[in-house]
Amino acid sequence: MRIAVLGPLEVHTQTGAPVEIAGVRLRMLLARLALEAGRPVSAELLIDDLWGEDAPAGAAAALQGLVSRLRRALGDAGGVELVAGGYRLTVRREDVDAHRFEDLAAQGRREAPAQAAVTLDAALGLWRGAALTDLQDAPFARTVAAGLHERRRDVATDLFQAELELGRPAEVLPRLGALAAEHPLSERLAGLRMQALAATGRQSDALAVYEEIRGRLGDELGVDPGAALKELHLALLRGEMEQPARRAETVAPNRLPAQLTSFVGRDAELAQLAALLDANRLVTVVGPGGAGKTRLVLEAARAARQRVWFVSLAAVSDPDHLADAVVAALNASDGRLYEGGHTTLDRVVELLDVGDAVMLLDNCEHLVDAAAELADQLLTRLPRLRVLATSREPLAITGEALCHLGPLEVPRDSVEPEEAARAAAVRLFVDRAATVRPGFALDESTVDHVVEICWRLDGMPLALELAAAKLRSMSVDQIARRLDDRFRLLSSGSRSALPRQRTLLAVVEWSWDLLEEPERVLARRLATFPGGATTAALEAVCADGTLPARDIFYVLDAMVEKSIAGRSGDRYRMLETVRAYALTRQEGDDIGERFCRYYRDLAEEHDPLLRTRDQLAAIAVFDAEHDNLAHALRLAVDAGDTATAERFVGAMFWYWGMSGMTAQFETYLRYGGALPQQARTAFGVVRASMDVDSAGAREFHPARPLMRMTQLAHTTEESDLLEALDSPDPWIRASAHWAKDFLLTEEGDLRSGAASRRAALEGFEAVGDRWGLVLSLLPLGRDHSLRREHGPAIAAFERAVVLSSELGVEDYLYLSRARLARERRRSGDIDGALRDIRAAQRRARERGHRRMEVNILVGLANVHRLAGDLAQADRTLDELEALVRRGAIPEPLARDLIVSTRLENRLAEGDVTPAAALLPEAVASLVAQAYSAGLAWAAELLAGLLALRDRPGDAAAALGMSEVIRGEFDHGEPELRALADRLTARLGDEGYAEAFRRGAGTPRPDAIARVVALATA
């Protein structure tokens, strides 16, 4: 539908039929939502904007009733949706006249005077009277209308300036005078009137305008005219403005190709291109096919103040016909015939010789030598000419400046719709999707599929437009699922486009055909590297008799120049679509064995460094090469090369473990189990490292004791641990001490492991293993925290955060931040806790780490509860549950913490019934996990509920059981201290101590069983 607010409110369907909206309040609601152009407006803001201070008692219900009525009134013309953030009108920005006015105004300010005059006049033509004239009783209307009228005045002023620059002072004066009379203190309008009067020979009237505004400014504001107006006055006195301006119509206006779709994103590139064109006479926009080079230069050209010609070379196949094609384009756009000259180049020069001008040479890549020669000659003979070219490779002549155009910004995965919509690739896809499927919107049901499409298609505009066009016959999830066969899927573009731009395959084939044979060979082989490759890797893997190693660097350079590959740092890679095409062209390029051997050796070289001071450099290598390493392992397994596969798993084992890549670890175990018997040998070693009965695996990897004991704490053989504690390798000894403490801690014995905790920290410090230091600092910080030593605990957790940040291991960084925020909360530093939580949440959302938000949001709920805001604590858990329902976070990962934290909220509220209902599930899940800290938490939750049930003795005993389960009572938790104080007040000091000792004296297994029994009773 189309909505007009620049005058009385009017609504029409796309076919032009009017839509009747009866009722003033209903029209207010529609106008308020339309002004947001599809963005949500909160219910609170709508109530305030529709009723102001006169909001009824049941304003929320009244608003819901209005929304329902508006939906019925709009019918099929449009709809109102309830989304995250409030109510949203399903209307495009360009379908609301106020937004169309703003867009035309912004466009006009960027254009040269001739185009600007047309655009700005069209913007003013949208007005039908005073804005929102029939809705002035709405609380929001007067402010909005005032802003719109102010911008209307500015646009009219911009139009007058453009017309003056075109030499039309006589036509402008009447309208300019009328507007100046409405705004007698506007110095800009006064200045334009002075210029117009002087240009028509009325110098005395121009001077009178100056004296008039000078007097008004002094009388009403007590100020003098500004510097610009004073300079204009001085120019008048000197007689420098008496001659009428030369009419610019003697030069034909620009005739750039009209565009049928909106321009999305590329603000930074437009600014860069404008700066380059201002400082250089030859600028070439280079980038891969489908990046949007032509559209970018056309948008830039509309902002140019000079005469602009557009010359498309797409249809020119013969370099000898290049100059003729240019002449034809210039004659067609200029509207005059060539009147002399001896050569085709002379004809081009004469047509371009009009002073300051810009020539757009579009699609130069297939004629790059001829285009470069022509540009060089024109720039030499026409010193006031600038050339703006597009090509998949540079023209490579002196003075050329390059603007590299790559993919549009793509969001990280697992983001909210409003976050995803900030990425230009998503905005482009949604814009084009709404064109072919009206009503399509980015919401919780579509965002994940849209983000996946944008990622898989590299954020390339043409590919995204082709994908959006498939919504005519497919759903967005069907498109996302079929991108493995992208060339077949994206095979129906615009029939009006050039053949090489109608399908994704045609776009890539056009670039491929422009390559020399060595470049095609290396492109096919580079496609084997899913993670891109360094020059050293390509020389080692790809070189052979047809492509010598000494040539690879130069061939790579040519591929980058032709936009078939890109370079980031020391790594070369191809866009995924180009790589997919190159893989289909691999013939006789069997480099799999060399690929596997190279990456096996690389992994084995860097694996030992993961446990030394060179750890960060080794992690950087594994991070950069992980996709290639994983691919090489798959190739080895597929080939049945068990020896190579075994060595790979051994070399990758510890990196996977310390990086938290458990999914990859389990994937390869399952993969190995599905292979024939002879190919399972390598994976049997990994299974052995997780098998408590396989002592023969102890030589498999030096990290085995630590990995094995963290996963199988309760069943590890003591002989393994004793052997590791006596190892001559200091890293293994430090790992064994950490594992020994871990085992004791999980048995509820914190005291016996204290010496090993210190030894582990000192050992990892000595070898320089940051990962081991983080693992050692966390339990040391816990010790201080339990003893209410908040300062040392915070210091330990702060150091863990710093080390985790250096490592770049996200799991431990979030864990360390969560522990730090928790400790600040426990110490009473609520603001500090919120600061740490917000920083972690910001990082998680920026990087798409949704699963990390479980601990973040639970920590936030705890802070709100301790601050006394139980309602906000519950809303935070509601937000977490919404993420779970959306699938952004796996339910098993979050459910246990949600239930236990809701239970804590109900205990703090003193609400027995819902607390009692939650306790059995909370305790059952904590007991099933069987971690010492979780089991103690179960006892603490039980104590809270028993206290609410007026069973203070049993509650104190439950607190005592938490001590025997964990190994120490948690003196650092303010909520537990408050509970203990309340119980002491009921029982007396001796009574509380006796009940606590009774619980603490219970054998640990019996205490755990007792907690379960009482929780489920």
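Residues numbered from 1 in each chain as written. Predicted model: local features only at pLDDT ≥ 70, side-chain atom pairs only at ≥ 80, totals over all residues. Heavy atoms only, no water.

(A) Molecular detail of the overall build of the chain. Along the chain, the regular secondary structure elements total 47 helices and 12 strands. Counting all 1017 residues of the chain, 52% fall into the buried class. Sequence-distant contacts, at least 24 apart, represent 68% of the contacts inside the chain between residues at least 6 apart. Accessible area of the chain: about 44400 Å², with a carbon and sulfur share of 51%. (Helix = DSSP H or I, 4+ residues; strand = E, 2+ residues; numbered from the N terminus. Buried < 20%, exposed > 50% of the residue type's maximum accessible area, 1.4 Å probe, protein only. Contact = heavy atoms within 4.5 Å. Areas by Shrake-Rupley, 256 points an atom, 1.4 Å probe, with all protein chains shown as cover.)

(B) Structural detail: the packing of aromatic side chains. Taken as a whole and assessed by the stated rule, the structure comprises 15 aromatic pairs. When the centroid spacing of 4.9 Å and the interplanar angle of 55 degrees are considered together, the rings of Phe595 and Tyr599 count as tilted. Highlighted residues: Phe595 and Tyr599, both in helix α27 (residues 592-606), separated by 4 residues, approximately one helical turn. Residues Phe595 and Tyr599 agree in their burial class; the two are buried. Consider the rings of Trp654 and Trp771, whose centres lie 5.1 Å apart with planes at 85 degrees: the pair is edge-to-face. Taken together, the positions of Trp654 in helix α29 (residues 642-658) and Trp771 in helix α36 (residues 770-786) put the pair 117 residues apart, joining distant regions of the chain. (Phe/Tyr/Trp six-rings, centres within 6.5 Å; stacked < 30°, edge-to-face > 60°.)

(C) Here's a closer look at the packing of helix α24 (residues 535-542) against helix α25 (residues 549-561). In contact at an axis separation of 9 Å, α24 and α25 are set at 130 degrees when each is read in the N-to-C sense. Compared by their axis directions, α24 and α25 come out oblique. Judged by the twist between their axes, the crossing of α24 over α25 is right-handed. In contact with Thr535, Leu538, Glu539 and Cys542 of α24, α25 contributes Ala549, Ile552, Phe553 and Leu556. Its residues assigned to classes, the contact of α24 with α25 comprises 6 nonpolar, 1 polar and 1 charged. (Axes fitted to C-alpha atoms, helices over the stretch in contact; angles between N-to-C directions. Parallel < 35°, antiparallel > 145°, perpendicular 65-115°, else oblique. Left-handed = near helix turned anticlockwise from the far one by under 90°. Nonpolar A, V, L, I, M, F, W, Y, C, P; charged D, E, K, R; others polar.)

(D) Representation of the nonpolar core in the model. Ranked by size, the top nonpolar core spans 146 residues in total, and within it Leu273, Leu360, Leu388, Phe429, Ile453, Phe529 and Tyr599 carry the most contacts. The greatest single-element share of this core, amounting to 10 residues, is contributed by α29. Apart from the residues lying within four places of it in its own chain, the contact partners of Leu273 are Val283, Val285, Leu296, Val297, Ala300, Leu388 and Cys403. In this structure, Ile3, Leu66, Leu176 and Ala180 belong to the second largest nonpolar core, which totals 77 residues. (Core = buried A, V, L, I, M, F, W, Y, C linked by side-chain atoms within 4.5 Å.)

(E) Region of interest: the sheet that holds strand β12 (residues 571-573). Taken in spatial order, the 3 strands make up an open sheet running β10-β12-β11, and their pairing is antiparallel. Since the sheet does not close on itself, it has two edges, and those belong to β10 (533-534) and β11 (566-568), each with one partner. As paired strands, β10 and β12 are joined by 2 bridges and run antiparallel to one another. Paired with Ala533 across the strands is Tyr572, a residue of β12. (Pairing = 2+ DSSP bridges.)

(F) Inspection of the sheet that holds strand β5 (residues 282-286) at higher detail. The strand order across the open sheet formed by 5 strands is β6-β7-β8-β5-β9, and the pairing between neighbours is parallel. The two strands at the open ends of the sheet, each matched to only one other strand, are β6 (307-312) and β9 (400-404). Strand-to-strand, the axes of this sheet are offset by a mean angle of 20 degrees, without reference to chain direction. For β6 and strand β7 (residues 357-362), the ladder comprises 6 bridges, and the chain directions are parallel. Of the residues in β7, the one forming a bridge with Val308 is Val358. On the sheet, helix α11 (residues 267-279) packs against β5, β8 (385-391) and β9 and is oriented at approximately 180 degrees with respect to β9.

(G) A nonpolar patch on the surface, seen in detail. A cluster of nonpolar residues, Leu185, Leu221 and Val223, forms a patch on the protein surface that exposes about 230 Å² of accessible area. Looking at the element boundaries, Leu221 is found in helix α9 (residues 203-221). Look at Leu221 and you get exposed, because its relative accessible area is 51%. (Patch = residues over 30% accessible without salt bridge, like charges linked within 9 Å, V, L, I, M, F, W, Y side chains within 5 Å. Salt bridge = Lys/Arg side-chain N within 4 Å of Asp/Glu carboxyl O.)

(H) Focus on the packing of helix α23 (residues 517-526) against α25. Their axes nearest at 10 Å, the elements α23 and α25 cross at an angle of 90 degrees. Between α23 and α25, the interaxial angle falls into the category roughly perpendicular. Along the contact surface, α23 presents Pro518, Glu519, Leu522, Ala523 and Leu526, while α25 presents Ile552, Val555, Leu556, Ala558 and Met559. Partitioning the contact of α23 with α25 into residue classes produces 9 nonpolar, no polar and 1 charged.

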